[in-house]
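Coordinate analysis (summary)
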Amino acid sequence: MTRRLWLHIGSHKTGSTSLQIALRQGQSDKTLGSWSYLHARPRVDFNPLVRMQRMGGNMYPELRWPFLERRMEDADRRGHGDCIISTEMLFWLMNPNDIRALHKRLHEHFDEIQVVAYLRRQDTLALSHRKQVVMGRAAYQFYGAQLQALPVYRPHMMRYFDYATKLARWEEIFGAQNVTVRRFQRQDLIGGDTVLDFYNLVGITPPAEIPKENAAWSRSQLLAGLWLRRQGFMRESFVAAVQELPQDGPLLPSREEMQVFLARFEDINRQLAVRYDPDGPEQFFDMGFDRYPDQANGGSTAAGGFDGDPVLTPAVLQDLKTRAEAESAARDLARDPINTADDLQDL
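Just so we're clear, the structure is a prediction, and the values are computed from it rather than from any experiment. (Residues numbered from 1 in each chain as written. Predicted model: local features only at pLDDT ≥ 70, side-chain atom pairs only at ≥ 80, totals over all residues. Heavy atoms only, no water.)

Quick notes on the packing of aromatic side chains
- Evaluated as defined, the whole model comprises 17 aromatic pairs.
- Relative to Phe198, the ring of Trp6 lies with its centre 6.3 Å away and its plane at 80°, an arrangement referred to as edge-to-face. Taken together, the residues Trp6 in strand β1 (residues 4–8) and Phe198 in helix α9 (residues 194–202) connect sequence positions 192 residues apart.
- Under the relative-accessibility criterion, Trp6 is labelled buried at 11%.
- The exposure class of Phe198 is buried, given its relative accessible area of 0%.
- Taken together, a centroid distance of 5.8 Å and an interplanar angle of 55° make the contact between Phe261 and Phe265 tilted.
- Exposure remark for Phe261: the relative accessible area of 3% places this residue in the buried category.
- The exposure class of Phe265 is buried, given its relative accessible area of 0%.
- Three or more aromatic residues joined by ring pairs make a cluster, and in this case those are Phe91, Trp92, Phe142, Tyr143, Tyr153, Tyr160, Phe161, Tyr163, Phe261, Phe265, Phe284 and Phe285.
- Above the ring of Tyr140, the side-chain terminus of Arg229 is found at 4.5 Å from the ring centroid.
- Directly above the ring of Phe233 sits Arg335, whose terminal nitrogen or CZ lies 3.9 Å from the centroid. (Phe/Tyr/Trp six-rings, centres within 6.5 Å; stacked < 30°, edge-to-face > 60°. Helix = DSSP H or I, 4+ residues; strand = E, 2+ residues; numbered from the N terminus. Buried < 20%, exposed > 50% of the residue type's maximum accessible area, 1.4 Å probe, protein only. Lys NZ or Arg CZ within 6 Å of the ring centre and 35° of its normal.)

A look at helix α8 (residues 163–174)
- Here α8 is 12 residues long and its end C-alpha atoms lie 16 Å apart, about the 16 Å a rise of 1.5 Å per residue gives.
- Listed in full, the buried residues belonging to α8 are Tyr163, Ala164, Lys166, Leu167, Trp170, Glu171, Ile173 and Phe174.
- Gly175 lies just past α8 and shows a positive phi near 100°. (Expected span 1.5 Å × (residues − 1).)

A look at the side chain of His129
- With respect to the helices and strands, the residue His129 is situated in the loop between α4 (122–128) and α5 (130–135).
- Not counting residues up to four positions away in its chain, the partners in contact with His129 are His12, Lys13, Ala139 and Tyr143. (Contact = heavy atoms within 4.5 Å.)

Details of unusual backbone geometry
- With an omega of 10°, the peptide bond between Gly10 and Ser11 qualifies as cis.
- Checked against the element boundaries, Ser11 lands in the loop between β1 and α1 (16–29).
- In this model, Arg41 is joined to Pro42 through a cis peptide bond whose omega is 5°.
- Considering the arrangement of structural elements, one finds Pro42 in the loop between β2 (36–38) and β3 (50–53).
- For Lys30, which is not glycine, the phi dihedral falls at a positive 60°.
- Mapped onto the fold, Lys30 is located in the loop between α1 and β2.
- Positive phi is not limited to glycine here, since Phe284 has a value of about 70°.
- Within the secondary structure layout, Phe284 lies in the loop between α13 (266–276) and α14 (314–331).

With respect to the pairing of β1
- Within β1, 4 of the 5 residues are buried, which leaves the element mostly enclosed by the surrounding structure.
- Where β1 and strand β5 (residues 83–86) come together, 4 bridges link them in parallel fashion. Paired with His8 across the strands is Ser86, a residue of β5. (Pairing = 2+ DSSP bridges.)

Structural notes on the packing of helix α2 (residues 65–77) against helix α3 (residues 96–107)
- Two elements in contact, α2 and α3, have axes separated by 11 Å at closest approach and are oriented at 20°. In terms of orientation, α2 and α3 fall into the roughly parallel class. Our pair here, α2 against α3, has a crossing hand that is right-handed. Contacts from Trp65, Leu68 and Glu69 in α2 reach Ala101, Leu102, Arg105 and Leu106 in α3.
- Its residues assigned to classes, the contact of α2 with α3 shows 5 nonpolar, no polar and 2 charged. (Axes fitted to C-alpha atoms, helices over the stretch in contact; angles between N-to-C directions. Parallel < 35°, antiparallel > 145°, perpendicular 65-115°, else oblique. Left-handed = near helix turned anticlockwise from the far one by under 90°. Nonpolar A, V, L, I, M, F, W, Y, C, P; charged D, E, K, R; others polar.)

Some points on the pattern of salt bridges
- Inspection of every chain in the model, using the stated rule, returns 27 salt bridges.
- The closest approach of N and O atoms between Arg105 and Glu69, which form a salt bridge, is 3.9 Å. With Arg105 in helix α3 and Glu69 in helix α2, the pair connects residues that are 36 residues apart, well separated along the chain.
- Residue Arg105 is classed as partly exposed on the basis of its relative accessible area of 27%.
- Counted as one network, the salt bridges with shared partners bring together Arg41, Arg71, Asp74, Arg77 and Arg78. (Salt bridge = Lys/Arg side-chain N within 4 Å of Asp/Glu carboxyl O.)

What is shown is where atoms sit, not what they do.
Here is the structure:
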């Protein structure tokens, strides 16, 4: 009997968490039809399959095969046949050897594998990823925690944002007919939503209520979180304090900053258009920048602080740091290694 797998690989910031919550609930409620959703309990995802090592340009993914085998043994024990796995951590994979090793391991358990990737315009993904720099580990390892809306571009970032090369490698190894690429834009998704779109691809009935992702942080919350994160504080030591700061709107770069960041990927996005939507826009993505202001609405000054910021005054920052230090001591939280992409001389 043929055993099938749908493998959702992200990318990040494309509704993955909402999809994973819906799939886990569907597994619990037995509303996924013949499909079983595999995840790492008590998590909603399969993210422990990949662990990122080192920082910045030296960062690389480590595939954790014992985790995969334990989950597959559990799936076999429970009689799960056709399965769904979702982990945006697989979008970090760029080396063909890693993708080929994953293909080999998965085909030891499944006869047919369909890979699905949702793509978001590179500049908007990098901007949306700032909260994960504060809250997560891999994003901090990758970008560093510069005190601004967009990360400082580094050459190693092409390993993540070169969607065309990355997906060509997945197609070469898994087979082009087995890789589905979806554009993460409301007008391009079934029902304008990743959950509804993915359920339509698989052919299962979507949930009556679509889960919502965690609320975005405000400008001041993100900047304060970045400031503490780049000093090595663990998120557990400061999140509660940072969330007491005002809801003063989103942290936004200038329109020009977004355009300059995205311009690095013009050739890549033309390749995507030719490959996945030859009758669509030349650059594959909607190229609108209207929501971004002429001037960025926050960030560090040349001296490394927030001179003149209406919320992040020296007194507020000192209070946040003091509380983070106290919470770290009370909970015995060691500071993370500092990302070498960050200049800490002025902290």
